[in-house]
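Each chain is listed here by its residues.
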Amino acid sequence: MKRTKIFSWIFLMVMSIVLVFPSLTAFANGKVYEISVNNEIEKGLVEHLKRGFNEAKSNNAEAIILNMHTPGGFVAAASEIGRLMDSTDIPIIAFINSDALSAGAYIALHADKIYMTPNATMGAAAVIDSAGNTAGEKAESDWLAKMTSAAENSGRDPKFAQAMVRNDFDLPELRAPKGKLLTLTAEDAEKVNYSEGTVASIDALLKTLQLEDSEVVKVEQTFAEKLARFITNPIIVPILLSIASIGLVVELYSPGFGLAGSMGLASLGMFFFGHLIAGFAGYETLIIFVIGLILVIAELFVPGGILGIIGGALIIGSLLFAGESFAHMAYSILIAMIIAGIGMVILMKFFGKKLHMFNRLVLRDATSTEEGYVSNTNRIELIGKVGQSITPLRPSGTVLVGQERLDVVTQGGYMDAGKTVEIVKVEGSRIVVREFIEKGGEGI
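Please read all numbers here as calculations on a predicted model, not as lab measurements.

A. Broad picture of the overall build of the protein. If you tally the helices and strands in the protein, you get 14 helices and 13 strands. Residues counted as buried form 38% of the 444 residues belonging to the protein. In the protein, the proportion of contacts linking residues at least 24 apart, taken out of those at least 6 apart, comes to 60%. Put simply, the protein shows about 25,200 Å² of open surface, and 61% of that area lies on carbon and sulfur atoms.

B. How the structure looks around the packing of helix α12 (residues 283-299) against helix α13 (residues 306-322). Contact geometry of α12 with α13 gives a least axis separation of 7 Å together with a crossing angle of 155 degrees. As the angle between them shows, α12 and α13 are arranged roughly antiparallel. Crossing geometry of α12 relative to α13 is assigned as left-handed. Between α12 and α13, the contacting residues are T285, I288, F289, I291, G292, L293, L295, V296, A298 and E299 on the first element and I306, L307, G308, I310, G311, G312, L314, I315, S318, F321 and A322 on the second. For the contact of α12 with α13, a count of residues per class yields 14 nonpolar, six polar and one charged.

C. Unusual backbone geometry, seen in detail. Along the chain, R394 connects to P395 via a cis peptide bond; the corresponding omega equals 5 degrees. Despite not being glycine, A124 shows a phi value in the positive range, around 45 degrees. Its place among the elements puts A124 in the loop between β5 (121-123) and α5 (137-153). Taking the relative accessible area as the measure of exposure, A124 reaches 28% and is therefore partly exposed. Positive phi, normally seen in glycine, also occurs at R175, with a value near 60 degrees. Tracing the backbone shows R175 in the loop between α6 (158-165) and β6 (183-185). With relative accessibility at 42%, the residue R175 sits in the partly exposed group.

D. Main features of the nonpolar core. One finds L66, M122, M147 and Y194 to be the most contacted residues of the largest nonpolar core, which totals 57 residues. Here this core takes six residues from helix α4 (residues 103-109), the largest share from any one element. With sequence-adjacent residues up to four places away left out, M147 is seen in contact with A105, Y106, L109, A125, A161, M164 and V165. Listed in part, the 18 residues of the second largest apolar core include I231, F289, L319 and A336.

E. Representation of the sheet that holds strand β12 (residues 420-427) within the structure. Overall, mixed pairing links the five strands, which are arranged β9-β10-β11-β13-β12 in a closed barrel. Adjacent strand axes in the sheet meet at a mean angle of 55 degrees, parallel and antiparallel pairs treated alike. Taken together, the three bridges between strand β9 (residues 386-389) and β12 define a ladder with antiparallel strand orientation. Residue V386 lies in a different strand from β12, and its bridge partner there is E422.

F. Seen up close, the side chain of E80. Relative to the helices and strands, E80 is located in helix α3 (residues 75-86). Using a relative accessible area of 19% as the deciding quantity, one classes E80 as buried. For E80, the side chain forms a polar contact with the side chain of K50, separated by 3.2 Å.

G. Region of interest: the side chain of S267. Take S267: it is sitting in helix α11 (residues 259-278). Taking the relative accessible area as the measure of exposure, S267 reaches 6% and is therefore buried. What S267 contacts, discounting residues up to four positions off in sequence, is L240, I243 and A244.

H. Representation of the UniProt feature "transmembrane region" (unreviewed entry) in the protein within the structure. UniProt tags residues 6-28, 230-250, 270-298, 305-323 and 329-351 as "transmembrane region" (unreviewed entry). For the annotated span residues 230-250, helix accounts for 81% and strand for 0% of the residues, and the straight-line distance between the end C-alpha atoms is 26 Å. End C-alpha to end C-alpha, residues 270-298 measures 24 Å, and it is 86% helix and 0% strand.

I. Main features of the pairing of strand β2 (residues 63-73). By the criterion of burial, β2 is predominantly enclosed, with eight of the 11 residues buried. Pairing geometry for strand β1 (residues 31-41) and β2, over nine bridges, is parallel. By the bridge assignment for β2, E40 is matched with G72. The parallel pair β1 and β2, bridged by helix α2 (residues 43-58), forms a crossover whose chirality is right-handed. The pairing of β2 with strand β3 (residues 92-101) spans six bridges and is parallel.

J. Layout of the pattern of salt bridges. In the structure shown here, the tally under the stated rule is 11 salt bridges. Taking the shortest distance from any N to any O, the salt bridge between R166 and E140 comes out at 3.3 Å. Here E140 lies in helix α5 and R166 lies in the loop between α6 and β6, a separation of 26 residues in the sequence. Since its relative accessible area comes to 21%, E140 is described here as partly exposed. Connected through shared salt-bridge partners, E47, K50 and E80 make up one network.

K. Seen up close, helix α9 (residues 223-231). Regarding α9, the residues found buried are E225, A228, R229 and I231. Taken end-on, α9 shows its buried residues confined to a sector of 165 degrees, consistent with a single buried face.

L. Here's a closer look at α2. In this model α2 runs 23 Å from its N-terminal to its C-terminal C-alpha over 16 residues, within 8% of the 22 Å that 1.5 Å per residue would give. Of all the positions in α2, only K43, G44, L45, V46, H48, L49, G52, F53 and A56 are classed as buried. The first or second residue beyond α2 is N60, which carries a positive phi of 50 degrees.

M. Expanded view of the environment of G292. With respect to the element layout, G292 can be found in helix α12. Through-space distance from the C-alpha of G292 to that of G312 is 6.2 Å; in sequence the pair is 20 residues apart. With near-sequence residues (within four places) excluded, G292 lies in contact with G311, L314 and I315.

Rules of the game
Residues numbered from 1 in each chain as written. Predicted model: local features only at pLDDT ≥ 70, side-chain atom pairs only at ≥ 80, totals over all residues. Heavy atoms only, no water. Helix = DSSP H or I, 4+ residues; strand = E, 2+ residues; numbered from the N terminus. Buried < 20%, exposed > 50% of the residue type's maximum accessible area, 1.4 Å probe, protein only. Contact = heavy atoms within 4.5 Å. Areas by Shrake-Rupley, 256 points an atom, 1.4 Å probe, with all protein chains shown as cover. Axes fitted to C-alpha atoms, helices over the stretch in contact; angles between N-to-C directions. Parallel < 35°, antiparallel > 145°, perpendicular 65-115°, else oblique. Left-handed = near helix turned anticlockwise from the far one by under 90°. Nonpolar A, V, L, I, M, F, W, Y, C, P; charged D, E, K, R; others polar. Core = buried A, V, L, I, M, F, W, Y, C linked by side-chain atoms within 4.5 Å. Pairing = 2+ DSSP bridges. Polar contact = N/O pair within 3.5 Å; in protein donor to acceptor, adjacent residues only side chain to side chain. UniProt positions renumbered as here; feature names shortened; annotations may be inferred. Right-handed = clockwise from strand over helix to strand, strands pointing away. Salt bridge = Lys/Arg side-chain N within 4 Å of Asp/Glu carboxyl O. Arc of directions from axis to C-beta. Expected span 1.5 Å × (residues − 1).

Here is the structure:
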């Protein structure tokens, strides 16, 4: 009996180990999510990373690897990505495959670990505006604080992060003397503890992290995300708005609605689609735009100009608030308006186009017989006819020519009734007469 109990306990222990072993194997063979951080850092990338992080959380991923190759981007987008990384419990590894410059360096500093390829670089994080100039002391101070905080929170010396933002540090041993921003190579990053190591590839990184048996899940961008990132690019936005303005201007000079107008509306549709997907714009901006467009169209049927002015203001306002940067959108709209103005001048001066769309709003300047407009019959056949005045002509009155009574005027003088008169001029309804003088005779 005692032996039976002993064997029972041994059997239970063995079965427990056997049952637990698959679960341990499953844990060891977990998932690692690889997400690319490439090209410019902007709001479209933020939405892509949010989706990837949520997928990793829902699948209990062991780690998230950010495969980085970026020249930098918008401070606001980088800050949002930093907050997203800080709020994620899954270990995040920044794998700098090529470059992590400017905002890219900031994102890398929010990772739990940083690894670089042998030829990778990291740094040069000065704040610049859209024109490529230094953004100013206020913006620089804010960005310096952000970079310092990111370095300190990851246990790294903040001096090197600060030297990436300001050029008044003297680090000649890292090729960054005074007047030059710091950019770290893979070797430099290891020396100053800004990198945990140098690896040649993702596979080598997984082996270093002891995750080589894990399933690597690559989070690819959807078509909508790729399109949104393209559309919201600061260079593409003014191009889209310019195409829209040119298309709509050409449509104003064309009868009906055709290809040019369709291109203009399609460009505006793409603009709002991209900014909605990227999270810049809300549906309220689209609604305001549609209301403005309706008011502008209504102006074609309700004269006065007020509806058109209000509609135009709503359209411009919706575009301004749809973008990430109010100032950048203002510049983009200004560029589009200038191009539209140039297009109108070219169409009018060089192609002789007229605004067909406004014909229903503005009265034509003049009508002429050549264009087929005739107010009444011009009876030039009456010139030279002779008749009798049946009323005094003061200077207007009535004469009888044959059996027809005509309203006439004299050339300026008074004439009694019963006088013989001759028609000398006909101008529409105006018939001019003078006293008839027979050849060789003399009028009274």
